[in-house]
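# Notes for the structure review
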Amino acid sequence: MLAVKRTRRLDPDPAFTAAFRELAPRLPGSANEPLARIREEGFARFLALGIPTQRDEAWKFTNVARIANRPMRPATATELPLDRVLPYLLGGPRARRLVFVDGRLQPQWSHTGGLPQGVIVESLARAAETRPLALAEALGELDDGRSFTALNTAFADGGAWIELPAGLALEAPLQLLFVTTGGEVPVMSHPRCVLRLGDGASLTLLETHVGLGEGAALTNAVLQLALRPGARLEHDRIQLPAAQGSLLAKIDGSLGAGARYRQTTVLLGGALVRNEHELRIDGPGVDCLLSGVAVPGTGEQSDIVVRIHHRAGGSHSDQYFKHVVEDRGHAAFAGKIVVHPGAQKTNAYQKNDNLLLSDDGEVDTKPELEIYADDVKCSHGATCGELDAGALFYLRSRGIARQAARAILVHAFAAEVIGRLADPTARALAETRLVARLGGGLDGALVETVLGEAA
Amino acid sequence: MLTIENLQVSVEGKPILKGLSLTVEAGRVHAIMGPNGSGKSTLAHVLAGREGYEVTGGNVRFGDEDLLALEPEERAHAGLFLAMQYPVEIPGVANMYFLRQAINAICKARGQDEIPAAEFMRKVREQARLLGIGEELLKRDLNAGFSGGEKKRNEILQMALLEPRLCILDETDSGLDIDALRTVADGVNRLRSPERAFLVITHYQRLLDYIVPDVVHIMADGRIQRTGGPELARELEERGYEGLLGTKLAA
Ligand SMILES: Nc1ncnc2c1ncn2[C@@H]1O[C@H](COP(=O)(O)OP(=O)(O)OP(=O)(O)O)[C@@H](O)[C@H]1O
Ligand SMILES: [Mg+2]
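In this report, the structure presented in the accompanying data block is examined.

### Some words on the coordination of the magnesium ion (ligand 2)
Four donors placed tetrahedrally around a metal ideally meet at 109.5 degrees, and six donors placed octahedrally ideally meet at 90 or 180 degrees. All names here are of chain B. Every protein donor of the magnesium ion (ligand 2) is accounted for by Ser41 (OG) and Gln85 (OE1), and the metal-donor separations fall at 2.0 to 2.2 Å. Residue Ser41 is found in helix α1 (residues 40-48), and its partner Gln85 is found in the loop between β6 (80-83) and β7 (90-94); the two are separated by 44 residues along the sequence. Residue classification places Ser41 among the partly exposed residues on the basis of a relative accessible area of 21%. A residue is classified by how much of its surface remains accessible, and Gln85, at 15% relative accessible area, is buried.

Shown next, in the form of structure tokens:
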């Protein structure tokens, strides 16, 4: 048993231990005994779990060790000018936000004032002071057997504690912006967020990960969601890591009866980006819609893992993920729907559409259904195609150059997902970046058109 | 304007055009008629630069350029336009956005400034109105879910906006009701000018009643078999391909 385990896991680089020993006394809440203990336990768990290899079924498509198992340091405090960050401030003038640079809160750009009574939006560092026991409990209660979650628990630096009381709908969007600056030595940060919505509460959350700088960087993020019955969360995620930046993002959540969770993720860039979701549906009438699009090119991998557990019947879940693979890019999708015994009248769908633009790209897709109830509607499907030659010719025959025609068609493929972003400023950022990435000299007209339609 | 000499084209190793020659002069309307499968659409596609056709012989000059050496977009820039028999549906690309990109691309290639948004809108609306294309169709995705007739009108709309020198119409009349045929034919006739030439591929005399051709060609077995004036089309209508060309070529 042990022998098998060793082939599936690598021992973490000793530099992790050195970094943890050095940092532990300075991490948020280190003076608080229960919190410090949770971190110690997290680190011990990380060492025991080790770094997964591709022999581990869950990491079959992904060589994470090359990115994550090497000496890394938390970044030293970086001063960024406002104009570097400004393009990523989303949500309009009324938005509230917390901005982190390399795991450190930037109070000068953060704004959480004037929130209604009972709403809590605070940084993890602040929560470690105001509610150390609750935080320790939240950190400790998530043990998903995943080494990077344990690593996050040990090192959690940036991140936030967010709570909305029952019945409260927050009109203004809330943005969590995580900026990573790569340095000469590879740097790491470990944002941890806890988000709790009371019965019938409602929030638009804009989660943005941005990589600035050339050096290697790893962002290892964990978000714990809890939606009470009838709560609503619109969750827009824009991920723009730098070329040498990697992002491992895990979302763990539970959805109460009648809750609605809508998440849309747009990813452009990054050496390795793995988005993992583990969501539990705990009552009837839940509506859970996850969508995403990523455009990995040479030296880039986008890896999407979804596990949805229908633990109660009468709910609906839908996964809709798209990949556009350019050059030597690599896309992987593994989606699992588990319908637990007795979860009758479950509707669960999953779709993974891939556009492969080169012969050198790689697409892996692994849909899985595990159904232990008989009265359910479930489906999954995966497609992998090239650009439609007829469509390409049609556009070119009207004078549109090949590269622009290609960009228009790729955009059309991705636009459906981008259109699902709830916030117009998030949509505009995703659009602008996608169009710039696709090249072909397409201009803002594309953005205007899309936004014009949305308006 | 267009000179095709002894053009030979194969598709997947099968010869389709077998030595086709044709000359089109500026200001003239040429009609091409021919039995199903005789190679009319193949000719149109080869002229527009679609992939999948192997030119095994002959040459084509467009103005003073070697047409077959140009990329499809370069042919459009040079003033060639093909209204397709089966326009492609492109979901996710708004018709209006597409028109704007196409016009700007052509302006740019011709060394002109891009047209301002307001002027573009005015032009599109005016042409759309003349062709009976509603505002709603302009906002929809390009050809996606358009009816057969709507697609054909949309082709002519593009043709009117892009102002080509050579317009190739591949069965633009098929799928049109009688009123739409009239509207589309009027649209084509409005574009007739001494600088512009037309190559109208059709199966029916009815279109040629509206768009009166200067020259009519009968194509069969990958070649032009007969060339004449408008009376040739009427003769064809009466006698059929068999009567006109004999049993072998009409097949
Ligand atoms: N991509 C292709 N693969 C195989 N055969 C093809 C292809 N394209 C055309 N052909 C063949 O070439 C021949 C000519 O076709 P084409 O479409 O040019 O005829 P057409 O004259 O336009 O006919 P219609 O009047 O029915 O439109 C036909 O036999 C057709 O099956
Ligand atoms: Mg044809």
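### Description of the interface of chain B and chain A
Listed per partner, the contact involves 33 residues of chain B and 22 residues of chain A. For the chain B and chain A pair, buried surface summed over both sides reaches about 2200 Å², with 63% attributable to carbon and sulfur atoms. Applying the counting rule to chain B against chain A returns three salt bridges. Its salt-bridge partner being B:Glu73, residue A:Arg396 comes within 2.7 Å of it at the nearest N-O pair. Secondary-structure elements contributing two or more residues to the side of chain B that touches chain A are α1, α2 (72-77), β6, β7, α3 (95-109) and α6 (148-162) of chain B. Per-element tally for the side of chain B that touches chain A: the top contributor is α3(B), with six residues. Residue composition of the side of chain B that touches chain A, by class: 20 nonpolar, seven polar and six charged.

### Structural notes on empty space enclosed by the protein
Residues and elements named next belong to chain A. For the structure on display, the rule yields four cavities of 30 Å³ or more. Estimated volume of the largest cavity: approximately 100 Å³. Around the largest cavity, the lining comprises 14 residues; the ones closest to its centre are Thr180, Val210, Gly211, Thr219 and Pro241. Elements supplying a minimum of two residues to the lining of the largest cavity: β8 (174-181), β11 (202-212), β12 (217-227) and β14 (245-255). It is β11 that contributes the most residues to the lining of the largest cavity, four residues altogether. Of the residues that constitute the lining of the largest cavity, the class distribution is seven nonpolar, seven polar and no charged. Quantified by volume, the second largest cavity comes out at close to 70 Å³. Contributions of two or more residues to the lining of the second largest cavity are made by β8, β11, β12 and β14. Here the lining of the second largest cavity is composed, by residue class, of 10 nonpolar, no polar and three charged.

### A look at the layout of surface pockets
Residue and element names in this part refer to chain A. Its volume calculated, the second largest pocket comes out at about 530 Å³. Around the second largest pocket, the lining comprises 30 residues; the ones closest to its centre are Leu23, Pro74, Ala75, Asp102 and Arg104. Among the secondary structure elements, those contributing two or more residues to the lining of the second largest pocket are α2 (14-23), β3 (73-74), β5 (104-105), α6 (124-130) and β9 (187-189). For the lining of the second largest pocket, the per-class residue count stands at 13 nonpolar, 10 polar and seven charged.

Cut-offs applied
Residues numbered from 1 in each chain as written. Chains lettered and ligands numbered in written order. Predicted model: local features only at pLDDT ≥ 70, side-chain atom pairs only at ≥ 80, totals over all residues. Heavy atoms only, no water. Donors = N, O, S within 2.8 Å, 3.2 Å for Na, K, Ca; no water. Helix = DSSP H or I, 4+ residues; strand = E, 2+ residues; numbered from the N terminus. Buried < 20%, exposed > 50% of the residue type's maximum accessible area, 1.4 Å probe, protein only. Contact = heavy atoms within 4.5 Å. Buried area = accessible area lost by both parts, 1.4 Å probe. Salt bridge = Lys/Arg side-chain N within 4 Å of Asp/Glu carboxyl O. Nonpolar A, V, L, I, M, F, W, Y, C, P; charged D, E, K, R; others polar. 1 Å grid on protein atoms, 1.4 Å probe; cavity = no way out; pocket = protein on both sides within 12 Å on 5 of 7 lines; lining within 4 Å. Points joined across faces, edges and corners; volume = space filled by probe spheres on them.

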